[in-house]
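Residue-level listing of the chains:
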Amino acid sequence: MNGGKIDTLRVRRRFRRPLQTGRGPVEAVDRLLLRTETDEGVGYGEVAPWPGFPTETIEQAVEVVRSAQGSLARLSAVAAAARDTLPCLRAALSSCAHWSEIAGYAGNLEGAGLAEAATAEAVRAKATEGFATVKVKLAGTTGLADVRALLADVPGVRLRLDANGGLDLAAARAWTEFARAEPRIDFLEQPLPVGHPGYASLGPDKVALDESFLTPAGIDWAGPVVVKPALVGDWDAFRAWRATRVGPVVYSSAFETAIGRQAALWLAAQDPAGGAVGFDTLGRFELDGRDRHAGGPRVRGLLDQNWEAFWQELA
Ligand SMILES: [Mg+2]
């Protein structure tokens, strides 16, 4: 089969309501779905960059794939040579290569809920759904007193606080101290912008990197890291790194279609020490037929999905 062939499908997904991200409100995202065919079989993958994360853009990925003219061998060579400049494409090709295992993943993982807002009402709604851990985004107006009140109003729930790089150093220090003193807070995620020198003075305890982590080649950090499988680059390289890493790792969605979600959950499931996963991302898009998994506090792989039929439906 001459090294295999590759087909692509570009899809745009519109959010029901603009989603708040580190880059401000986002109305829609584009994804590039891959279907590979080799002597070993068919594989699927998803190029799913996320606003605010320094990866290739969807246009750059489309251009690289186009230049391979349908040849998987050529594309794989280009992606491997590009190393850390095409992390989303490399992750998608890893998914294609491991698809027979991925398609068979029907396990389940503990998931953290994603609150719509940093309010007691929103956190309670997630606790009522059964989530033991809930992530809240720290908007510019959220203060320490608000989160203290949340903890008091919704007893039993654990919180993850995500600042999306929006704090200055003084505020980051205050939130870090608060997180360290409060046993029901898992961690403070990405307090400072990517590359901010203040991370060294905050220290790693309960300070998680998300936007700043990306791939294992990106940064050396002893604290928690949030791994988005869709952005992490080559999965075999990631797993080799993970096997020797001591600090906590949590896995998180980049709002993938069913293809990227199934693959990301499989990768997360390879890590027995990973914390509750951040995949409470379903139901955020307009109904476009590109989700297939069920939501809820147990995050499950899809058993018996006919992926060929799914691809045909999307095409
Ligand atoms: Mg984050």
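This is a predicted model, so every value here is computed, not measured.

J.: Is there a simple way to think about the overall build of the protein chain in this case?
T.: Looking only at helices and strands, the protein chain features eleven helices and twelve strands. Oriented by its inertia axes, the alpha-carbon framework of the protein chain measures out at about 60 × 40 × 35 Å. For the protein chain, buried positions account for 43% of its 315 residues. Residue pairs in contact within the protein chain that sit at least 24 positions apart in sequence constitute 65% of those at least 6 positions apart.

J.: It is not clear to me how the sheet that holds strand β8 (residues 185-189) should be interpreted in this structure. Could you clarify?
T.: The strand order β5-β6-β7-β8-β9 describes an open sheet built from five strands, whose pairing is parallel. With partners counted over all chains shown, the strands left at the sheet margins are β5 (113-114) and β9 (207-208), one partner each. Sheet topology places strand β6 (residues 133-137) next to strand β7 (residues 158-162); five bridges connect them, and they run parallel. Paired with Val-134 across the strands is Leu-159, a residue of β7. Running at roughly 155° to β6, helix α5 (residues 120-129) makes contact with β5 and β6 of the sheet.

J.: What exactly am I supposed to notice about the pairing of β7 here?
T.: As a general feature of sheets, a regular strand has side chains that alternate between the two faces. Burial of β7 is extensive: four of the five residues sit out of reach of the surface. Chirality of the crossover, the property in question, places the unit of β6, helix α6 (residues 144-153) and β7 among those that are right-handed. Relative to β8, β7 runs parallel, the two being bridged by four bridges. If you follow Leu-159 over to β8, its bridge partner there is Ile-185. Taken together, β7, helix α7 (residues 169-181) and β8 constitute a β-α-β crossover, and its handedness is right-handed.

J.: In this structure, what is going on with the pairing of β6? I would like to understand it.
T.: Taking burial as the measure, the five residues of β6 include five buried ones, the bulk of the element. Alternating positions in β6 separate into two faces, Thr-133, Lys-135 and Lys-137 on one and Val-134 and Val-136 on the other, with burial throughout.

J.: Explain the domain arrangement of the protein chain to me, please; I cannot follow it from the model alone.
T.: Reports often express the size of an interface as the amount of accessible area lost when the parts come together. Considered domain by domain, the protein chain is made up of domain 1 (5-102) and domain 2 (108-302). In this assembly, 31 residues from domain 1 lie in contact with 31 residues from domain 2. Of all the secondary structure elements, the ones that give two or more residues to the side of domain 1 that touches domain 2 are β1 (5-21), β2 (24-38), β3 (41-47), α3 (87-97) and α4 (99-103). A total of eight residues in the side of domain 1 that touches domain 2 trace back to one element, the largest contributor, which is β1. Grouping the constituent residues of the side of domain 1 that touches domain 2 by class yields 14 nonpolar, nine polar and eight charged.

J.: How do you make sense of unusual backbone geometry when you look at a structure like this?
T.: Trans peptide bonds make up most of the peptide bonds, and negative phi angles are found at most residues other than glycine. Within the chain, Asn-164 stands out as a residue other than glycine whose phi angle is a positive 50°. By the element assignment, Asn-164 lies in the loop between β7 and α7. For Asn-164, a count of 20 C-beta atoms within 10 Å corresponds to the buried category. Backbone geometry places Phe-255, a non-glycine residue, at a positive phi of 60°. Mapping Phe-255 onto the fold places it in the loop between β11 (249-251) and α10 (258-269).

J.: Which parts of the structure should I look at to understand the environment of Val-64?
T.: Following the sequence through the fold, Val-64 ends up in helix α1 (residues 58-67). Take Val-64: there are 19 C-beta atoms within 10 Å of it, and that puts it in the partly exposed class. Sequence separation of Val-64 and Val-134 is 70 residues, and the distance between their C-alpha atoms is 38 Å. Those residues in contact with Val-64, other than ones at most four positions away along the chain, are Val-78, Leu-86 and Leu-89.

J.: Explain the sheet that holds β3 to me, please; I cannot follow it from the model alone.
T.: Within a sheet, each strand pairs with its neighbour through backbone hydrogen bonds, oriented either parallel or antiparallel. Here we have three strands laid out as an open sheet, ordered β1-β2-β3, and antiparallel in their pairing. Where the open sheet ends on each side, the last strands, each with one partner, are β1 and β3. Mean inter-strand twist for the sheet, computed between neighbouring axes without regard to direction, equals 20°. Of the strand pairs in this sheet, β2 and β3 are connected by seven bridges, and their pairing is antiparallel. For Thr-38, the partnering residue across the bridge sits in β3 and is Gly-41.

J.: What is the right way to read the nonpolar core from this model?
T.: Proteins that are soluble and globular tend to have nonpolar side chains buried together. In this structure, Cys-88, Leu-161 and Leu-231 are the most contacted members of the largest nonpolar core, which totals 84 residues. In terms of residue count, the dominant contributor to this core is α10 (nine residues). When residues of this core are assigned to domains, at least three map to each of domain 1 (5-102) and domain 2 (108-302). With residues near it in sequence (within four places) discarded, Cys-88 still touches Val-47, Ala-48, Pro-49, Thr-55, Glu-56, Ala-61, Ala-230 and Leu-231.

Conventions adopted
- Residues numbered from 1 in each chain as written.
- Predicted model: local features only at pLDDT ≥ 70, side-chain atom pairs only at ≥ 80, totals over all residues.
- Helix = DSSP H or I, 4+ residues; strand = E, 2+ residues; numbered from the N terminus.
- Buried ≥ 20, exposed ≤ 12 C-beta atoms within 10 Å, placed from the backbone.
- Contact = placed C-beta atoms within 7 Å.
- Pairing = 2+ DSSP bridges.
- Axes fitted to C-alpha atoms, helices over the stretch in contact; angles between N-to-C directions.
- Right-handed = clockwise from strand over helix to strand, strands pointing away.
- Domains from an automatic or database assignment.
- Nonpolar A, V, L, I, M, F, W, Y, C, P; charged D, E, K, R; others polar.
- Core = buried A, V, L, I, M, F, W, Y, C linked by C-beta atoms within 7 Å.

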